[in-house]
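Secondary and tertiary structure notes
Spelled out from the first residue to the last, the chains are:
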Amino acid sequence: MPILDEISVCLQRGSVKEINILVPKALEEGIEPQTVLNDGLLSGMSVVGEKFKNNEIFIPEVMIAARAMKAGTDILRPYLTAEKGRAAGKVCLGTVKGDRHDIGKNLVKIMLEGKGLEVIDLGVDVAPERFVETAIKENCRVIGCSALLTTTMGVMKDVVSLCEKEGIRNRVKIMIGGAPVSEDFCREIGADAYTPDAASAADKALEFCSE
Ligand code: B1M
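Read on for an overview of the structure. Just so you know, these numbers come straight off a predicted model, no measurement behind them.

1. Quick word on the site of the ligand
Contacts to the ligand come from 34 residues, most closely from Arg100, His101, Asp102, Ser146 and Thr150. The separation between an oxygen atom of the ligand and a polar main-chain atom of Thr150 is 2.9 Å. Within the backbone of Ala198, one N or O atom sits 3.1 Å away from an oxygen atom of the ligand. Mapped onto the shell around the ligand, the elements with two or more residues apiece are helix H3 (33–53), helix H4 (59–80), helix H5 (103–114), strand S3 (142–146), strand S4 (173–177) and helix H9 (198–210). Element by element, the count of residues in the shell around the ligand is highest for H3, at five residues.

Here it is, written out as structure tokens:
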């Protein structure tokens, strides 16, 4: 079986041990880190997502796969992150209140750092007040919100409203992303940018920080 398929299958099984062997092996074979991420780890995670949706697997199996995903991205992180220099700009990033999904948010963080941006990672279950307080205190150019649940994506609108209320809307750009989020939703809530994946999020954030 080609090594990227093996990585995908091991991710689905949640085998941290095999991921720890196969990901470095793929890199040694000369496969690009981004390809290992997309065609190995993320391809496995999308199968997990489909099976979860169809009730073929349940939360424990998904959590085990998420643990293997973390092991894989921890190995890839240094390859996807640029060397430290003067930060090109500051971004505060988090998964919104009520939502504990962090795999996508963590990938966005890696890609932003890869563009030389400084990321203040607020973690998961982040209230609008925390996004806004951090943006003010740390003088962030961008607030990045991630949401994976249809029940939590509305919190992003609260972040936009709070930025307006606190008078920082004109100096901060609000970026949103996550599986249920769309371009239309971005327009509807008055955020500045929706990007569908971590790489395009990093490009957009760098663009905002360079303006
Ligand atoms: Co959950 N879950 N989950 N889950 N989970 C989903 C999201 C779901 C679609 C599964 C399903 O039913 N098909 C469903 C949501 C349905 C809905 O809202 N309509 C769901 C549900 C229902 C739940 C619970 C409510 C289940 C329950 O308890 N009954 C519960 C909620 C807990 C909570 O948050 N309060 C729950 C729990 C969990 C686990 C803990 C088991 C685990 C999370 C582990 C973790 O994150 N540490 C989990 C997982 C893993 C998933 C699925 C299977 C995979 C999500 C993922 O990590 N994908 C997911 C199914 C799916 O998405 N198909 C599902 C890989 C990741 C790389 O993609 O996060 O989309 P994603 O990120 C992408 C882009 O979206 C984008 O870039 C990333 C990389 O390119 N992106 C951004 C993300 N954030 C961005 C921000 C940006 C820009 C781009 O700018 C700032």
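2. Some points on the coordination of the cobalt atom of the ligand
Each donor-metal-donor angle in an ideal tetrahedron of four donors is 109.5 degrees, and each such angle in an ideal octahedron of six donors is either 90 or 180 degrees. Only one protein atom coordinates the cobalt atom of the ligand: His101 (NE2), located 2.2 Å from the metal. As for its placement among the helices and strands, His101 is situated in the loop between strand S1 (90–95) and H5.

3. Observations regarding the pairing of S4
The element S4 is largely enclosed, with a buried count of four among its five residues. Pairing of S3 with S4 involves five bridges; the strand directions are parallel. By the bridge assignment for S4, Cys145 is matched with Ile176. Taken together, S3, helix H7 (residues 155–165) and S4 form a β-α-β motif whose crossover is right-handed. Sheet analysis places S4 next to strand S5 (residues 193–194), joined by two bridges and oriented parallel. Bridging from a neighbouring strand, Ile176 pairs with Tyr194 of S5. In terms of handedness, the path from S4 via helix H8 (residues 183–189) over to S5 forms a crossover that is right-handed.

4. Quick word on the nonpolar core
With 41 residues, the main nonpolar core has Ile7, Ile19, Leu41 and Leu112 as its most contacted residues. Every element with two or more residues in this core is listed here: helix H1 (3–13), helix H2 (16–28), H3, H4, S1, H5 and H9. In terms of residues, this core owes the most to one element, H4, which gives seven residues. In this structure Ile7 touches Ile19, Leu22, Val23, Ala26, Val36, Gly40 and Leu41, once residues within four positions along its chain are discounted. Residues Ile120, Val132, Ala135 and Val172 belong to the second largest nonpolar core, which totals 28 residues.

5. A word on the packing of H1 against H2
The angle between the axes and the distance between the axes are what describe a pair of packed helices. Put simply, H1 and H2 touch, their axes get as near as 10 Å, and they point 155 degrees apart. Taken as axis vectors, H1 and H2 run roughly antiparallel relative to one another. Between H1 and H2 the crossing geometry is left-handed. Residues Ile3, Glu6, Ile7, Cys10, Leu11 and Arg13 of H1 pack against Glu18, Ile19, Leu22, Val23, Lys25 and Ala26 of H2. Considering only residue class, the contact of H1 with H2 consists of eight nonpolar, no polar and four charged.

Cut-offs used in this document
- Residues numbered from 1 in each chain as written.
- Predicted model: local features only at pLDDT ≥ 70, side-chain atom pairs only at ≥ 80, totals over all residues.
- Heavy atoms only, no water.
- Near = heavy atom within 4 Å.
- Polar contact = N/O pair within 3.5 Å; in protein donor to acceptor, adjacent residues only side chain to side chain.
- Helix = DSSP H or I, 4+ residues; strand = E, 2+ residues; numbered from the N terminus.
- Donors = N, O, S within 2.8 Å, 3.2 Å for Na, K, Ca; no water.
- Buried < 20%, exposed > 50% of the residue type's maximum accessible area, 1.4 Å probe, protein only.
- Pairing = 2+ DSSP bridges.
- Right-handed = clockwise from strand over helix to strand, strands pointing away.
- Core = buried A, V, L, I, M, F, W, Y, C linked by side-chain atoms within 4.5 Å.
- Contact = heavy atoms within 4.5 Å.
- Axes fitted to C-alpha atoms, helices over the stretch in contact; angles between N-to-C directions.
- Parallel < 35°, antiparallel > 145°, perpendicular 65-115°, else oblique.
- Left-handed = near helix turned anticlockwise from the far one by under 90°.
- Nonpolar A, V, L, I, M, F, W, Y, C, P; charged D, E, K, R; others polar.

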